[in-house]
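So the chains spell out like this:
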Amino acid sequence: MRAVLCKNFGLPDSLVLEEVPPPSCGPDEVVITVKACGINFPDVLIIQNKYQFKPTLPFSPGGEVAGVVKTAGEKVKQLKPDDRVVALCGWGGLAEEVVVKANRVFPMPPAMDFITASSTLYTYGTSFHALKDRAVLKAGETLLVLGAAGGVGLAAVELSKVMGATVIAAASSDEKLEICKEKGADFTINYTNEDLRERIKQITQEKGVDVVYDPVGGALAEAALRSMAWRGRYLVVGFAAGNIPQFPANLPLLKGCSIVGVFWGSFAERQPQDSLQNFGQLLAWINEGKIKQHIHNVYSLEQAKNALQDLMQRKVRGKAVVKIGDWQEQTVSLAIQEQAEKPKPVSVSKPLVIKRSEIKKYVGQALGVSDWLTVTQEMINNFANATHDYQWIHVDTEKAKTLLPGGKTIAHGYLTLSLASKFFYELLTIEGAATSINYGLNKARFPVAVKSGDRIRMTGRIASVEDMPGGGTKVFLECMMELEGQEKLAYIGELITAIY
Ligand SMILES: NC(=O)c1ccc[n+]([C@@H]2O[C@H](COP(=O)([O-])OP(=O)(O)OC[C@H]3O[C@@H](n4cnc5c(N)ncnc54)[C@H](OP(=O)(O)O)[C@@H]3O)[C@@H](O)[C@H]2O)c1
């Protein structure tokens, strides 16, 4: 197999790509065929022998991977070959195969792709532990994030917004701060050309910030500590700038504030249950679309050293990921992916009226096209009220004007999806059905966002029909929602309706 090797400690340039024997696993380990390896700051430290863990030479860097289990040791019960997994391997990930202790390997969320999965655990895991367990961040508090467009920094921006904080993102360039704004930052500070303390005073009206999230260290650290509010918490996360800050002890005394250490790896080892609970919450937010990794660039294994170089040279925004092997992502909705383009209109009566007893004859039957429907801000607000999901991209029209492309809020994907029922009533009548229950969703994709004021319409197809125990009939209805003026569809999915 091919592996990126660190044969002598040094800078990324000294790494080599070589053929090495494939690894085999012990009884409580698994061998993973690596599909993607997320690049994190410790990767650049470990190859220079500057990290707390010191593998013996030669070794492959790469601490976080997504891939497929190739073999599992005899004591491993929860994992088997072909399982899609994510793993925290420490090092060894920049190779076609890696061997990992089974307790550091987790099932990959089904809807996630390998690139995203390989760059999720470490950053969100660290930042959530820091904000929730160490800072005990509360809704309404103000948080300053240094290095806010970096891996853990951007995760902290996103998570603290979900947790209800006001976020000040600070980074070295306007380009980096743009990404922070997209992720919800309320205020930004470019510390290359703005005075950190003065800007914080201005933004917080002299009060200071409640929490500082610092993965950078160096010269900014003391200025940030001096900008804290009474009873604030200063999170010591990392020292990407290279030097470890030395704080005058009078500062925490005068501000009644705490300097709090964050060591996520140790937390996960010492408190595995708490760490798993954190992952459960993060997964829920990922599935709800509340947080999503920003991928800066995908590199090949041959380009792995460039990924590490880019990270060291502060070029990366969000995450750099190395894709290993020539693979195509197989998403769960592959079957409907081919139809992501606008369907050809068919002419059938509207609604198409069919007898319940004859429904099986109609498998494959295309439905007509509904009338256009305008998705208004009022509908979007009502949806937010009904679901309690008030993400600003949906409801904050003023912020949308400055931050979103086109200046308009975006309808929740599930709002678009929920309109399928309305359109189906328009397109299909099943005679002889006492009632129908929409109880399942087989596939759902939202290729293009629907903005407030956009017009959508739907067509569909009876995809398949199954008998149910108790006399019901399960009808699989494929639906495609078209957005006026767009080639790509707003929604493609398959709904399951039970009729009785
Ligand atoms: N305590 C823990 O449990 C824990 C867990 C994970 C990571 N960490 C630490 O957190 C830090 C950040 O990790 P990461 O993976 O998020 O790294 P990253 O993506 O490279 O982000 C680091 C950020 O630091 C800033 N920076 C300032 N001076 C820098 C320099 N000389 N070289 C590189 N970056 C510099 C950069 O932002 P600007 O250009 O905007 O200044 C950069 O975006 C590292 O020190 C890492 O070891 C700690």
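1. Brief notes about the state of the cysteines
The full count for this structure, using the stated rule, is zero disulfides. Free of any disulfide, Cys6 has its nearest neighbouring cysteine sulfur in Cys37, separated by 14 Å. In this structure Cys37 is not part of a disulfide, and its nearest cysteine sulfur, from Cys89, lies 6.3 Å away.

2. Re the sheet that holds strand S11 (residues 209-214)
Strand order in this open sheet of six strands is S10-S9-S8-S11-S12-S13, and the pairing throughout is parallel. Strands with a single pairing partner mark the edges of an open sheet, and in this sheet they are strand S10 (187-190) and strand S13 (258-261). For this sheet, the mean angle separating the axes of adjacent strands, direction not counted, is 20 degrees.

3. Concerning the environment of His388
Topologically, His388 is positioned in the loop between helix H13 (377-387) and helix H14 (392-395). Looking at His388, the relative accessible area reads 62%, which means it is exposed. In sequence terms His388 and Lys54 are 334 residues apart; their C-alpha atoms lie 47 Å from each other.

4. Some remarks on the packing of helix H3 (residues 121-134) against helix H4 (residues 151-162)
The N-to-C vectors of H3 and H4 enclose an angle of 55 degrees; their axes lie 8 Å apart at closest approach. The orientation of H3 relative to H4 falls into the category oblique. In the crossing of H3 with H4, the sense of the turn from one axis to the other is right-handed. Contacts between H3 and H4 involve Thr123, Tyr124, Thr126, Ser127, Phe128 and Leu131 from the former and Gly151, Val152, Ala155, Ala156, Glu158, Leu159 and Ser160 from the latter. Across the contact of H3 with H4, the residue classes break down as seven nonpolar, five polar and one charged.

5. Focus: a nonpolar patch on the surface
Judged by side-chain polarity, Ile437, Tyr439 and Tyr500 come together as a nonpolar surface patch covering roughly 280 Å² of accessible area. In this fold, Tyr439 is placed in strand S19 (residues 436-445).

6. So, the sheet that holds S19
An order of S17-S20-S21-S22-S19 is seen for the five strands of this open sheet, with the pairing classed as antiparallel. Of all strands in the sheet, those with a lone pairing partner are strand S17 (373-374) and S19, marking the two edges. Pairing geometry for strand S20 (residues 455-467) and strand S21 (residues 473-483), over eleven bridges, is antiparallel. Its bridge partner being in S21, Gly460 is matched across the sheet by Cys479.

7. A few points about the pattern of salt bridges
Should the charged atoms of two oppositely charged side chains come close, the side chains can pair. A full pass over the atoms with the stated rule returns 29 salt bridges. Residue Glu29 pairs with Lys101 through a salt bridge whose shortest N-O separation is 3.7 Å. Pair noted here: Glu29 is in strand S3 (residues 29-39) and Lys101 is in strand S6 (residues 97-101), with a separation of 72 residues, a long-range link. Linked by salt bridges that have partners in common, Arg2, Glu96 and Glu302 make up one network.

8. Quick notes on the nonpolar core
Formed by 51 residues in total, the largest nonpolar core has its most connected members in Leu131, Val145, Leu159, Cys180, Tyr213, Leu235 and Leu282. Those residues in contact with Leu282, other than ones at most four positions away along the chain, are Tyr124, Gly125, Phe128, Leu159 and Ile291. Core analysis: the next-biggest nonpolar cluster, separate from the first, contains 35 residues, Val34, Tyr299, Val316 and Ile324 among them.

9. Quick notes on unusual backbone geometry
In this model, Leu57 is joined to Pro58 through a cis peptide bond whose omega is -15 degrees. Looking at the element boundaries, Pro58 is found in the loop between helix H1 (41-46) and strand S4 (64-72). With a phi close to 60 degrees, Asn49 is a non-glycine residue in the positive phi region. Of note, Asn49 is situated in the loop between H1 and S4. We classify Asn49 as partly exposed; its relative accessible area is 35%. The phi torsion at His388 lies on the positive side, around 60 degrees, for a residue other than glycine.

Cut-offs applied
Residues numbered from 1 in each chain as written. Predicted model: local features only at pLDDT ≥ 70, side-chain atom pairs only at ≥ 80, totals over all residues. Heavy atoms only, no water. Disulfide = S-S within 2.5 Å. Pairing = 2+ DSSP bridges. Helix = DSSP H or I, 4+ residues; strand = E, 2+ residues; numbered from the N terminus. Axes fitted to C-alpha atoms, helices over the stretch in contact; angles between N-to-C directions. Buried < 20%, exposed > 50% of the residue type's maximum accessible area, 1.4 Å probe, protein only. Parallel < 35°, antiparallel > 145°, perpendicular 65-115°, else oblique. Left-handed = near helix turned anticlockwise from the far one by under 90°. Contact = heavy atoms within 4.5 Å. Nonpolar A, V, L, I, M, F, W, Y, C, P; charged D, E, K, R; others polar. Patch = residues over 30% accessible without salt bridge, like charges linked within 9 Å, V, L, I, M, F, W, Y side chains within 5 Å. Areas by Shrake-Rupley, 256 points an atom, 1.4 Å probe, with all protein chains shown as cover. Salt bridge = Lys/Arg side-chain N within 4 Å of Asp/Glu carboxyl O. Core = buried A, V, L, I, M, F, W, Y, C linked by side-chain atoms within 4.5 Å.

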